[in-house]
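Spelled out, the chains give:
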Amino acid sequence: RDSCLHHFNTLVVVVKIMDNSSIQAIRATAILSVILFSKVVFTNIGLGGAKWNAGGRAPEDTYQATAEEASEEAKAAQVKAQRIVNNDLENVTYTLTLAWAALYCIVLGGSDGSAWAHIALYGIFVFCRLGHSIAYASGKSYLRSTFWTLGVTCSFAIGINGAVASFGIE
């Protein structure tokens, strides 16, 4: 019980000493994470619809088109939707974890600059993931690659920013 009380008191002290940039970084990270999660949910729903049209859902889902009935266009749309979801799994999951871990380090030991950099980098990452999915669905390969490259660069920068901030933790 004393250990829990100690951790709670430590948390209260940390919250009291947080500056405005840390508070803004927490808010921005929370909001951007909800936007990012919503985007992932919508792309998964899109994949479900594409599978429905292409006969790619579970066999017991007899209300869908069968693979034999599905058009080649529907099958191609399913492949594209699956690739979008796979790319999200390869990028969003890790960066979401990096963003929150970096935020933890920034709140405990970072400067105003690292908090504002975190907000900007994570915001750009979320924008790039939205843009990547739209570009992928639209068949714009150069734009898709640009969004992917900028997003991955932000992922590394988010992690590096958090690592640098960790050296300020006392």
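Everything numeric here is computed off the predicted structure, so don't read it as measured data.

(A) Spatial organisation of the packing of helix 3 (residues 72–109) against helix 4 (residues 112–138). Across the interface, helix 3 lies against helix 4 with an axial gap of 11 Å and an inter-helix angle of 175°. The angle between helix 3 and helix 4 places the two elements in the roughly antiparallel class. Counted by class, the contact of helix 3 with helix 4 contains twelve nonpolar, seven polar and four charged residues.

(B) Examining the pattern of salt bridges more closely. Across all of its chains, the model carries three salt bridges by this definition. Linking Glu72 and Lys75 is a salt bridge whose minimum nitrogen-to-oxygen distance equals 3.8 Å. You can see Glu72 and its partner Lys75 sitting in helix 3, three residues apart, about one turn around the helix. In this structure Glu72 comes out as exposed when scored by relative accessible area, which is 60%. On the accessibility criterion, Lys75 (30% relative accessible area) is partly exposed. With a closest N to O distance of 2.8 Å, Arg129 and Asp88 form a salt bridge. On the criterion of sequence distance, the pair formed by Arg129 in helix 4 and Asp88 in helix 3 is long-range, its members being 41 residues apart.

(C) Fine view of the confidence of the model for the protein. Per-residue confidence for the protein averages 88 on the pLDDT scale, and 88% of its residues sit at or above 70. Of all the helices and strands in the protein, helix 1 (residues 2–17) carries the lowest mean pLDDT, 54, while helix 5 (residues 141–166) carries the highest, 97.

(D) Spotlight on the packing of aromatic side chains. A full pass over the atoms with the stated rule returns two aromatic pairs. Taking the centre distance of 6.5 Å and the plane angle of 5° together, the rings of Tyr122 and Phe125 count as stacked. With a gap of three residues between them, Tyr122 and Phe125 both fall in helix 4, about one helical turn apart. Overall, the relative accessible area of 1% leaves Phe125 in the buried class. With a centroid separation of 5.8 Å and 75° between ring planes, the pair formed by Phe127 and Phe147 is classed as edge-to-face. Within this pair, whereas Phe127 is found in helix 4, its partner Phe147 is found in helix 5, the two being separated by 20 residues in sequence. The class of Phe147 is buried, set by a relative accessible area of 15%.

The rules behind these values
- Residues numbered from 1 in each chain as written.
- Predicted model: local features only at pLDDT ≥ 70, side-chain atom pairs only at ≥ 80, totals over all residues.
- Heavy atoms only, no water.
- Axes fitted to C-alpha atoms, helices over the stretch in contact; angles between N-to-C directions.
- Helix = DSSP H or I, 4+ residues; strand = E, 2+ residues; numbered from the N terminus.
- Parallel < 35°, antiparallel > 145°, perpendicular 65-115°, else oblique.
- Nonpolar A, V, L, I, M, F, W, Y, C, P; charged D, E, K, R; others polar.
- Salt bridge = Lys/Arg side-chain N within 4 Å of Asp/Glu carboxyl O.
- Buried < 20%, exposed > 50% of the residue type's maximum accessible area, 1.4 Å probe, protein only.
- pLDDT = per-residue confidence, 0-100.
- Phe/Tyr/Trp six-rings, centres within 6.5 Å; stacked < 30°, edge-to-face > 60°.

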